[in-house]
Amino acid sequence: VNRRAGHVAVCHAGRVLVWGGYTSGPIDAHWDHGRHRYWRTDWFMVLDPVTCTWKGIRTDSENCPPLTSGATAVVIGDTFYVFCGFAIHFPEDYVLPTINYNLKEGSHPLLIDISSAVAEGNTNEAYSCDLSARPCPKWKKLNPSSIGTLPLPCDKLSSFVYKYKVYLLGGYGPQILRLPSCKTI
């Protein structure tokens, strides 16, 4: 697995799944949109710790999250859940480039140049991915407002599962508006 930052890593079925994030080139890199490229979010990189081997697993790209860094993720059963993060959005007619598996030089085939992006910023979106779906895992965009209060748009947060509930902690994003405190007499 090549260098990456802002990714998530979770355990599932005795393996480690790595998803999302970005990589930076050297300061003098001549990439179209600065130094950063984002890892495709329609793929997981999977480590088998017994054999010490990595392999990529393609997911169904329908309903797939946008390119994301700084998200948080958990696995419950066979479902991967990812929340929030710093998202890169493309025009609706944008199609992710075809992967060239024969690429021997240059950047990794799962890295995306973000020069065509139309918007970027913190998000409070949530997605699930059914890891048991065949022939490949399937994504679903969740509507967390139907079950509670939406988290604030943020990235660099953490999460944990307790009694089949996901708890989100911290994060970096917009300031919470605070009302002036009231004095009691």
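Residues numbered from 1 in each chain as written. Predicted model: local features only at pLDDT ≥ 70, side-chain atom pairs only at ≥ 80, totals over all residues. Heavy atoms only, no water.

*Asks:* Give me the lowdown on unusual backbone geometry, citing residues and values where you can.
*Replies:* Look at the link from R134 to P135: it is a cis peptide, with omega at 15°. Relative to the helices and strands, P135 is located in the loop between β11 (119–130) and β12 (138–142). Located in the positive-phi region is C52, a residue other than glycine, with phi close to 55°. Turning to its location among the elements, C52 is positioned in the loop between β5 (43–48) and β6 (53–58). Judged by relative accessible area, C52 falls into the exposed class, the value being 62%. Located in the positive-phi region is K156, a residue other than glycine, with phi close to 60°. Here K156 is to be found in the loop between β12 and β13 (158–162). (Helix = DSSP H or I, 4+ residues; strand = E, 2+ residues; numbered from the N terminus. Buried < 20%, exposed > 50% of the residue type's maximum accessible area, 1.4 Å probe, protein only.)

*Asks:* Describe empty space enclosed by the protein, naming the residues involved and giving the relevant values.
*Replies:* Enumeration according to the criterion identifies 2 cavities of 30 Å³ or more in this entry. Here the largest cavity is characterised by a volume of approximately 60 Å³. Lining the largest cavity, in full, are W19, P65, P66, T68, A71, V82, F83, C84, A87, T123, E125 and Y127. Residue assignment for the lining of the largest cavity shows that the elements contributing at least two residues are β9 (79–89) and β11. For the lining of the largest cavity, the element with the highest residue contribution is β9, accounting for 4 residues. The volume enclosed by the second largest cavity comes to roughly 40 Å³. Around the second largest cavity, the lining residues are R4, V18, G20, W39, R40, W43, F44, M45 and L110. (1 Å grid on protein atoms, 1.4 Å probe; cavity = no way out; pocket = protein on both sides within 12 Å on 5 of 7 lines; lining within 4 Å. Points joined across faces, edges and corners; volume = space filled by probe spheres on them.)

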